[in-house]
Amino acid sequence: MKTWARGLAIALGVLIAVAVGAWFLLQRPDIPYATLEAKYGYADSRYMALPGGVRAHYRDLGPRDAPAIVLVHGYSASTHAWDAWAVRLSKTYRVIVLDLPGHGLTRTSGPYVAGRQGFVAVVDALTARLGLTRFTLAGNSMGGAVAWTYAVDHPDKVQRLVLVDAAGWPSEKSGGALIFTILRHPIGRAVLKDVDTRPLVAQGLRSGYWDQSLVTPALIDRYVELSRGPGHRDILLSLQSGPRRDATVAELSTIHAPTLIMFGQEDRIIPAADGEKFHKAIPGATLILYPGVGHVPMEQIPDRSAADLEAWLAAHPVN
């Protein structure tokens, strides 16, 4: 073998060895649920066995005889996204906050086929087990898509609908979150399944939180660690590859529950223009746009957004 060829072979061998070594160094195993529950559970955390092998984590706060509000988080988020709202709203309302399958502290056993309809079924099963026949339903981002889908599919159960930077329009783009761009491709999903996603998660959170001071190491840790619950990564990745149910004007026009739409004008994940589309499509809807606010108003401006919600709820009472 010629000297240059031998040198090239050695160099390629070294590169392959380095790549394989880096791959193993970047791999991150699942974190047992017991560990996650000890760190991220609440003193009032509850768990409920639901159909399909789901063990749902939820919180049930406030007076039991008060009107109920159900809060649904977004993609890769958890009940923690609603902490500030839950504290304030539970003084007057019964507040139910849940983790969707593949998120937070909710477990699934065996292969779980994730998707919006599956999430709608979880919301329906959990609220039914809690004896809630009618309630106010609020959702952020992906949870907003779950909320409006639920309102379309179960119009008799939704008294009021609250969409916070809701997903679902065909024009929806990944915006400034690089991780969503990667997740759209099969190779990207395969790579991200087993490696340390912390840098990408951090970048995605910075895209979602206009106020960068909110993107703390603890917040990044929570997102990364909860995504490593057993089975979570498979579900999170499948959500980016499965079929979508996009909003249509015809479908949304069937929603007759009073609807509040809240959107951060600086949302870099879902454009605020989508909030205006929801506003036009849903009869009688109210739209509030927040200048200088990103994808999660309930976290960036919790007091202001909660006060706006409380004022709207008071203006749209239920029996």
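None of the values given here were measured: they were computed from a predicted structure.

### Considering the pattern of salt bridges
Going through the model one piece at a time under the given rule, you end up with 12 salt bridges. One salt bridge connects K39 with E225, and the closest N-O pair in it is separated by 3.0 Å. Taken together, the positions of K39 in helix α2 (residues 33-40) and E225 in helix α9 (residues 217-226) put the pair 186 residues apart, joining distant regions of the chain. Of the residues examined, E225 reaches a relative accessible area of 18% and is grouped as buried. Between R59 and D83 there is a salt bridge, with the nearest N and O atoms lying 3.8 Å from each other. Within this pair, whereas R59 is found in strand β2 (residues 54-61), its partner D83 is found in helix α3 (residues 83-89), the two being separated by 24 residues in sequence. Each member of the salt-bridge network shares a partner with another, and the members are E37, R55 and R107.

### Overview of the pairing of strand β8 (residues 259-264)
Most of β8 sits out of view: 6 of its 6 residues are buried. Burial along β8 is two-sided: the face carrying T259, I261 and F263 and the face carrying L260, M262 and G264 are both buried. Examined bridge by bridge, strand β7 (residues 158-164) and β8 share 4 bridges and lie parallel to one another. From the neighbouring strand, L163 faces β8, where its bridge partner is I261. Considered for its hand, the β-α-β crossover made up of β8, helix α12 (residues 272-281) and strand β9 (residues 286-290) is right-handed.

### Focus: the packing of helix α4 (residues 116-129) against helix α5 (residues 142-153)
α5 packs onto α4 with a crossing angle of 70° between their chain directions and a minimal axis gap of 9 Å. Put simply, α4 runs roughly perpendicular to α5. The hand of the α4/α5 crossing is right-handed. Of the residues in α5, those in contact with R116, Q117, F119, V120, V123, D124 and T127 of α4 are M142, A145, V146, W148, T149, Y150 and D153. Along the lines of polarity and charge, the residues of the contact of α4 with α5 split into 8 nonpolar, 3 polar and 3 charged.

### What about the environment of G41?
Along the chain, the position of G41 falls in the loop between α2 and β1 (46-50). Of the residues examined, G41 reaches a relative accessible area of 27% and is grouped as partly exposed. Through-space distance from the C-alpha of G41 to that of T79 is 9.7 Å; in sequence the pair is 38 residues apart. Excluding anything up to four places from it in sequence, G41 contacts L36 and L105.

### Remarks on the side chain of D99
Positionally, D99 belongs in the loop between β4 (94-98) and β5 (107-108). There is no salt bridge for the buried D99, and the closest opposite charge comes from R222, which lies 8.6 Å off by N-O distance. There is a polar contact of 2.7 Å between the side chain of D99 and the side chain of H57. A polar atom in the side chain of D99 sits 2.9 Å from the backbone nitrogen of L105. With residues near it in sequence (within four places) discarded, D99 still touches H57, H73, S78, T79, G104, L105 and T106.

### Here we look at the packing of aromatic side chains
Applying the stated criterion across every chain, the model contains 4 aromatic pairs. For the ring pair W82 and W85, a centre distance of 5.3 Å and an interplane angle of 45° mean the geometry is tilted. Both residues of the pair, W82 and W85, belong to the buried class. Aromatic pair W169 and F278: ring centres 5.4 Å apart, planes at 65°, arrangement edge-to-face. Of this pair, W169 sits in the loop between β7 and α6 (178-183) while F278 sits in helix α12; the two residues are 109 residues apart in sequence, bridging distant segments of the chain. Here the two residues W169 and F278 agree in accessibility, since each one is buried. Ring pairs connect the aromatic residues W148, W169 and F278, which therefore count as one cluster. Here the basic side chain of R55 rests over the ring of Y47, its NZ or CZ set 4.1 Å away from the ring centre. Positioned above the aromatic ring of W169 is the side chain of K277, whose terminal nitrogen or guanidinium carbon lies 6.0 Å from the ring centre.

### Overview of the confidence of the model for the protein chain
Low pLDDT marks stretches whose predicted atomic positions should not be read closely. With 81% of its residues at a pLDDT of 70 or more, the protein chain has an overall mean of 85. A low-confidence stretch, residues 9-26 (pLDDT under 50), is modelled with 6 contacts involving residues beyond four sequence positions or located in other chains. Across residues 185-193, confidence stays below pLDDT 50; counting only partners more than four residues off in sequence or on other chains, it has 16 contacts.

Conventions adopted
- Residues numbered from 1 in each chain as written.
- Predicted model: local features only at pLDDT ≥ 70, side-chain atom pairs only at ≥ 80, totals over all residues.
- Heavy atoms only, no water.
- Salt bridge = Lys/Arg side-chain N within 4 Å of Asp/Glu carboxyl O.
- Helix = DSSP H or I, 4+ residues; strand = E, 2+ residues; numbered from the N terminus.
- Buried < 20%, exposed > 50% of the residue type's maximum accessible area, 1.4 Å probe, protein only.
- Pairing = 2+ DSSP bridges.
- Right-handed = clockwise from strand over helix to strand, strands pointing away.
- Axes fitted to C-alpha atoms, helices over the stretch in contact; angles between N-to-C directions.
- Parallel < 35°, antiparallel > 145°, perpendicular 65-115°, else oblique.
- Left-handed = near helix turned anticlockwise from the far one by under 90°.
- Contact = heavy atoms within 4.5 Å.
- Nonpolar A, V, L, I, M, F, W, Y, C, P; charged D, E, K, R; others polar.
- Lys, Arg positive; Asp, Glu negative; His and termini not counted.
- Polar contact = N/O pair within 3.5 Å; in protein donor to acceptor, adjacent residues only side chain to side chain.
- Phe/Tyr/Trp six-rings, centres within 6.5 Å; stacked < 30°, edge-to-face > 60°.
- Lys NZ or Arg CZ within 6 Å of the ring centre and 35° of its normal.
- pLDDT = per-residue confidence, 0-100.

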